[in-house]
Amino acid sequence: MGSLTDRLQTLTETVKAHSHSYHVLNAPTVTDTEYDALFSELVDLEKEAGWFVADSPTHRVGEPPQAKFKTCKHGSRMMSLANAFSDDDVKAFALQTGTVVEHSHHPQAFYAEPKLDGVAVNLVYINGVLATAATRGDGMNGEDVTAQVKTIKTLPSQLAGDNIPTKIEIRAEVIFHKGDFALLNVKQLSAGEKVFSNPRNAVAGTIRNLDPRVAAYRPLAIYCHGIGASEGWEKPAYQNLVIKQLSRWGLPICSPCMVVLGVDGCLAYFKDIQENRSELPFEIDGVVFKVNSLADQKKLGVRHRDPKWAIAHKFPAEEVTSVITSIDVQVGRTGALTPVARLVPVRVGGVEVSSVTLHNFNQIKQKGICVGDTVIVRRAGDVIPEIVRVVQEGENRVPLAAPTNCPSCGCATIGTLTVFCTNGMNCPAQLLESIVHFASRKAMDIDGLGGKLISILIHSGLVQSVADLYDLHYYRDGVIHLPRMGEKSTDKLLAAIAESHNRDMSRFIFALGIREVGESTSAILASKFGNMHSLMNAKMTDLERIDGIGFEVAAGVVSYFAAPHNQTMVSRLLDFKGTKWASMPTRPQSQGSQRLAGKTVVITGTLASMTRQEATDRVVALGAKVASSVSKKIDWVIAGENAGSKLPKAEQLGLVIINESQFAELLNG
Ligand code: IVH
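This is a predicted model, so every value here is computed, not measured. (Residues numbered from 1 in each chain as written. Predicted model: local features only at pLDDT ≥ 70, side-chain atom pairs only at ≥ 80, totals over all residues. Heavy atoms only, no water.)

1. A word on the overall build of the protein
Basically, it comes down to this: Secondary structure counts use DSSP, requiring at least four H or I residues in a row for a helix and at least two E residues in a row for a strand, with both numbered from the N terminus. For this analysis, residues touch if any pair of their heavy atoms sits within 4.5 Å. Reported accessibility uses the Shrake-Rupley method at a 1.4 Å probe radius. Residues are deemed covered only where the shown protein chains occlude them. Positive residues here are Lys and Arg, negative ones are Asp and Glu, while His and the chain termini are left out of the count. Where a charge lies is defined by one atom per residue type, namely NZ (Lys), CZ (Arg), CG (Asp) and CD (Glu).
Scanning the protein from N- to C-terminus turns up 23 helices and 22 strands. Dimensions of the protein along its principal axes, counting C-alpha atoms only, are 85 × 70 × 50 Å. Counting contacts in the protein only where the partners sit at least 6 residues apart, residues at least 24 apart contribute 68% of the total. Surface summary for the protein: the accessible area is close to 31900 Å², and the carbon and sulfur share equals 53%. Here the protein contributes 69 positive and 69 negative side-chain charges, whose respective centroids are spaced 4 Å apart.

2. Structural notes on the packing of aromatic side chains
So the rule is basically this: The pairing test for Phe, Tyr and Trp rings, Trp by its six-membered ring, is centres within 6.5 Å, and the orientation test on the planes gives stacked under 30 degrees, edge-to-face over 60, and tilted for anything in between. Exposure categories follow from relative accessible area, calculated using a 1.4 Å probe and restricted to protein chains: below 20% of the type maximum is buried, above 50% is exposed, and the middle band is partly exposed. When the NZ atom of lysine or the CZ atom of arginine is within 6 Å of a ring's centre and also within 35 degrees of its normal, the charge is said to sit over that ring.
Within the structure shown, the criterion is met by 11 aromatic pairs. Ring centres of tryptophan 233 and tryptophan 249 lie 5.3 Å apart, and the angle between their planes is 50°; on these two criteria the pair is classed as tilted. A residue pair is termed long-range when its members are at least 10 positions apart, and tryptophan 233 in the loop between strand E8 (221-231) and helix H8 (239-248) and tryptophan 249 in the loop between H8 and strand E9 (258-261) qualify at 16 residues. One exposure class covers both tryptophan 233 and tryptophan 249, and it is buried. Here tyrosine 269 and phenylalanine 289 contribute two aromatic rings whose centre-to-centre distance is 6.3 Å and whose plane-to-plane angle is 70°, an arrangement assigned as edge-to-face. In this pair, tyrosine 269 sits in helix H9 (residues 262-276) while phenylalanine 289 sits in strand E10 (residues 284-291), placing the two residues 20 residues apart along the sequence. Considered together, tyrosine 269 and phenylalanine 289 belong to a single accessibility category, that of buried residues. Grouped by ring-pair contacts, the aromatic residues Phe438, Tyr470, Phe508, Phe576 and Trp581 constitute a single cluster. A cation sits over an aromatic face here: arginine 515 above phenylalanine 420, 4.6 Å from the ring centre.

3. Re the sheet that holds strand E21 (residues 636-639)
Hydrogen bonds between backbone atoms are what pair the strands of a sheet, whose relative direction is either parallel or antiparallel. As a reminder of what qualifies: A pair of strands counts as paired when DSSP detects no fewer than two bridges linking them. In this analysis an axis means a line fitted to C-alpha atoms, helices contributing only their contacting stretch, and an angle means the value between N-to-C directions, from 0 to 180 degrees.
The sheet built from four strands is open, its strands ordered E20-E19-E21-E22 with parallel pairing. Each of the sheet's edge strands pairs with one partner strand only, and the pair in question is strand E20 (625-627) and strand E22 (656-658). Adjacent strand axes in the sheet meet at a mean angle of 30°, parallel and antiparallel pairs treated alike. Summarising the sheet, strand E19 (residues 600-604) and E20 pair through three bridges and their orientation is parallel.

4. Considering the confidence of the model for the protein
Keep this limit in mind: Each residue carries a pLDDT score, the predictor's confidence in it, ranging from 0 to 100.
Of the residues in the protein, 97% reach a pLDDT of 70 or more, and the chain-wide mean stands at 88. The element-level mean pLDDT for the protein is lowest in helix H21 (residues 612-621), coming to 78, with strand E7 (residues 167-175) highest at 98.

5. Digging into the packing of helix H19 (residues 551-562) against helix H20 (residues 564-575)
Let me state the cut-off plainly: With respect to orientation, any angle under 35 degrees is reported as roughly parallel, any angle over 145 as roughly antiparallel, any angle of 65 to 115 as roughly perpendicular, and every other angle as oblique. Ten residues, namely Ala, Val, Leu, Ile, Met, Phe, Trp, Tyr, Cys and Pro, are considered nonpolar, four, namely Asp, Glu, Lys and Arg, are considered charged, and the remaining ones, Gly among them, are considered polar.
Running from N to C, H19 and H20 cross one another at 80°; their axes reach a closest spacing of 5 Å. Considering their axes alone, H19 and H20 lie roughly perpendicular with respect to each other. Of the residues in H20, those in contact with Tyr560, Phe561 and Ala562 of H19 are Pro564, Asn566, Gln567, Met569 and Val570. Per-class residue counts for the contact of H19 with H20 are six nonpolar, two polar and no charged.

6. Let's talk about the site of the ligand
As a reminder of what qualifies: What makes a residue near a molecule or strand is one non-hydrogen atom of that residue sitting within 4 Å of it. Identification of polar contacts relies on pairs of N or O atoms within 3.5 Å, with a donor-acceptor requirement for protein atoms, meaning one able to donate a hydrogen and the other able to accept it, and with residues adjacent in sequence counted only if both atoms are side-chain atoms.
Residues in contact with the ligand amount to 15 residues; listed here are only the nearest, Glu113, Ala120, Arg136, Glu173 and Lys290. A distance of 3.5 Å separates a nitrogen atom of the ligand from a polar atom in the side chain of histidine 225. Lysine 290 places a side-chain nitrogen or oxygen 3.1 Å from a nitrogen atom of the ligand. Protein coverage of the free-state accessible area of the ligand, which is 520 Å², stands at 87%. Sorting elements by how many residues they give to the shell around the ligand places strand E3 (residues 109-116) first, with four residues.

7. Let's talk about the sheet that holds strand E11 (residues 310-314)
Read across the sheet, five strands follow the order E2-E11-E10-E3-E9 without closing on themselves; strand pairing throughout is mixed. Two strands in the sheet have a free side with no partner beyond their single neighbour: strand E2 (83-84) and E9. Taken together, the five bridges between E10 and E11 define a ladder with antiparallel strand orientation. Considered in E11, the bridge of valine 287 is made with histidine 313.

8. Some words on the pattern of salt bridges
Note the threshold: Every case where a carboxyl oxygen of Asp or Glu lies within 4 Å of a side-chain nitrogen of Lys or Arg is listed as a salt bridge.
Within this structure, the stated rule accounts for 26 salt bridges. Of the charged contacts, one joins aspartate 211 and arginine 213 as a salt bridge, the two residues approaching to 3.0 Å between their closest N and O atoms. In this structure, arginine 572 and aspartate 468 form a salt bridge, with 2.9 Å as the shortest nitrogen-oxygen distance. Note that arginine 572 is positioned in helix H20 and aspartate 468 in the loop between helix H13 (451-459) and helix H14 (487-499), a separation of 104 residues in sequence. In this structure arginine 572 comes out as partly exposed when scored by relative accessible area, which is 30%. When salt bridges that share partners are traced, they join Glu13, Lys16 and Asp55 into one network.

9. What to know about H8
Rules: Arc definition: it is the arc formed by the directions from the helix axis to the C-beta atoms.
Residues of H8 that are buried: Gln239, Val242, Ile243, Gln245 and Leu246. Taken around the axis of H8, the buried residues stretch over an arc of 155°, which confines them to a single face. On its buried face, H8 is in contact with E3, E7, E8, E10 and helix H10 (294-300). One or two residues past the end of H8 sits glycine 250, with phi positive at roughly 95°.

10. Looking at unusual backbone geometry
With glycine set apart, most residues show a phi of negative sign, and most peptide bonds adopt trans. With an omega of 0°, the peptide bond between serine 255 and proline 256 qualifies as cis. Among the secondary structure elements, proline 256 is positioned in the loop between H8 and E9. You will see that asparagine 163, though not glycine, has its phi angle at about 60°, which is positive. Note that asparagine 163 resides in the loop between helix H4 (146-149) and E7. Residue histidine 359 is not a glycine yet carries a positive backbone phi of 65°.

11. Remarks on the side chain of asparagine 360
In this structure, asparagine 360 sits in the loop between strand E14 (351-357) and helix H11 (361-367). Classification of asparagine 360 by relative accessible area gives buried; the value is 17%. In this structure the side chain of asparagine 360 is engaged in a polar contact, spanning 2.8 Å, whose partner is the backbone nitrogen of glutamine 363.

12. A word on the packing of helix H1 (residues 4-23) against helix H2 (residues 32-49)
The condition that has to hold: Each helix crossing is assigned a hand: it is left-handed if the near helix lies turned anticlockwise from the far helix by less than a right angle, otherwise right-handed if that turn is clockwise.
Contact geometry of H1 with H2 gives a least axis separation of 10 Å together with a crossing angle of 145°. Both H1 and H2 take part in a crossing whose hand is left-handed. Contact with H1, carried on its side by Leu4, Arg7, Leu8, Leu11, Thr12, Thr14, Val15, His18, Ser19 and Tyr22, involves Asp32, Tyr35, Leu38, Phe39, Glu41, Leu42, Leu45, Glu46, Glu48 and Ala49 of H2 and no other residues of that element. Split into classes, the residues belonging to the contact of H1 with H2 amount to 11 nonpolar, four polar and five charged.

13. Quick look at the side chain of serine 465
Turning to its location among the elements, serine 465 is positioned in the loop between H13 and H14. We classify serine 465 as buried; its relative accessible area is 16%. Contacts of serine 465, omitting those with residues within four sequence positions, involve Leu431, Ile435, Met569 and Arg572.

14. A closer look at the environment of valine 121
With respect to the helices and strands, valine 121 occurs in strand E4 (residues 119-126). Of the residues examined, valine 121 reaches a relative accessible area of 0% and is grouped as buried. Once you skip the residues sitting within four places of it in the chain, valine 121 turns out to touch Met78, Ala134, Thr135, Val145, Val149, Ile170, Arg171, Ala172, Val174, Ile207 and Ile222.

If you want it as structure tokens, here you go:
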């Protein structure tokens, strides 16, 4: 290990280089968390040494403005925020602010708000009219991005109401809402343009583009969170009242923001926002606490680059780096070959991740991923982990080509974007995955029948088709003699298989694993056809006539039932006595039950009080139609927990989105 001086100089250079890549090049070389860690290390090292390199990043904000922009000089410095990574850090902050403010203020009041992950701007309003907008730059001088910021529809060019200052600086964050960001990337992809790795990156790329038409085409959003220099107005005495005034002037303010009391109030707010983060329409990387009294803020003053009266309490890492140790190819129930990257295990977003699906071979090519590469792994909230990009290439890189033979059965593959094994249920991997799906909770819900046991059943030769499950016997087939099976577990398994005769037709359709047919589509098909026989004989035109069923679904259904092995398997299943799968019970039409006639709804996410199919049955019983995809024709989108991509699309289309309790009200009239 080198001397303290050497380490200090090296670390200063490293942090400076990362800061330049982030602020100037808009191409971060490390994750935010890694940057924060390096930055904290540098702060500690400088403390230990008692000195710092002249232009240390710990003593300045951001980077000087780029020459390609006109420069704007800020009226007062735009600062950064110190970070807290633990409850103890927040306690230390509260303790430190508490020693300066007057005792009468105990417990201390803090203004708490989300920490938006976007690009900071300084808006200058002169006599209520938006004059300039500039990036933070080095804190004193920023880049003039007035034309770009003026394209933001929610930002008023003129302040409304009274108490308008002769001049005021308003500090704000420019962001993309999650849904808009997703759509932007879809557009980028279809135009053959580069995909942005996160919303903040996209904002920086948009706002720092000299051509304001780029910003005009992209739906940027902005939220104001403070003020800088101001004159000619009655300035409130508290941060929350400042924000209230900004809102009265018509400026967009993000929520939820509130006054909290003491450390307990801060930590409760942090916990609440952390738990409900996925429901916010924008990305945040933590929360911010500010001493609420402006007089106390003044007393506390500032350090080199951040005020002593505010702190950012950051969430645990959602992006980390790891190394790819191998790339395996998995065969799914539809025969699709999926590359899966195995990683050196890392903790990200609160869980350990050791493998990440790469979706298809095209993605590997696009992202330039090879075994040995160091990559950024991302996992936000409940989102499945993904590899964002390569940060450092490994040695002896060999690009992975799409296999020409199935890794499970050796049969030839077809397809380019997605590659498929052509061996159907003769492929052991496809058979295994299709039975896993058939037995899964949302399908036939066969308790205790998981992947390992199914694999044993297949390899013992007892099960070669889903239908064989219903022919299993205690002694005759020797289930009891299989590895891991005893008397009790055999009893339990056979009882669970028998119990699955009670599932209805909708679940049965879903369990078959027909391409493009998910839970809601299965419910639509069950309620429209009423029995399996009609569904099995349906033609493309019969299917496409149904609301919510498009060409892809219709083709999936027709081609599934056209395959002789599927016909045999489904017929065998339907021949078993006592099943409820073959048809839907006819529903009595009660008087006044068509209250929702003419309405079309989409159900997305998980509802706590009922399954998706029960929800479908209930709205259909009231006369409404249930569609499987979001479009302008939809009247309501019923959004449960963990709603997927349908939700941002619905928001984008301006559809009416209702939550579970509103849905209950709708059902109950
Ligand atoms: S207050 C003097 N409040 O985070 C106080 N900043 O990491 C400085 N940010 O430069 C800003 N959300 O661009 C504040 N609610 C919020 C914020 C916020 C996001 C940004 C801001 C700042 C950076 C510091």
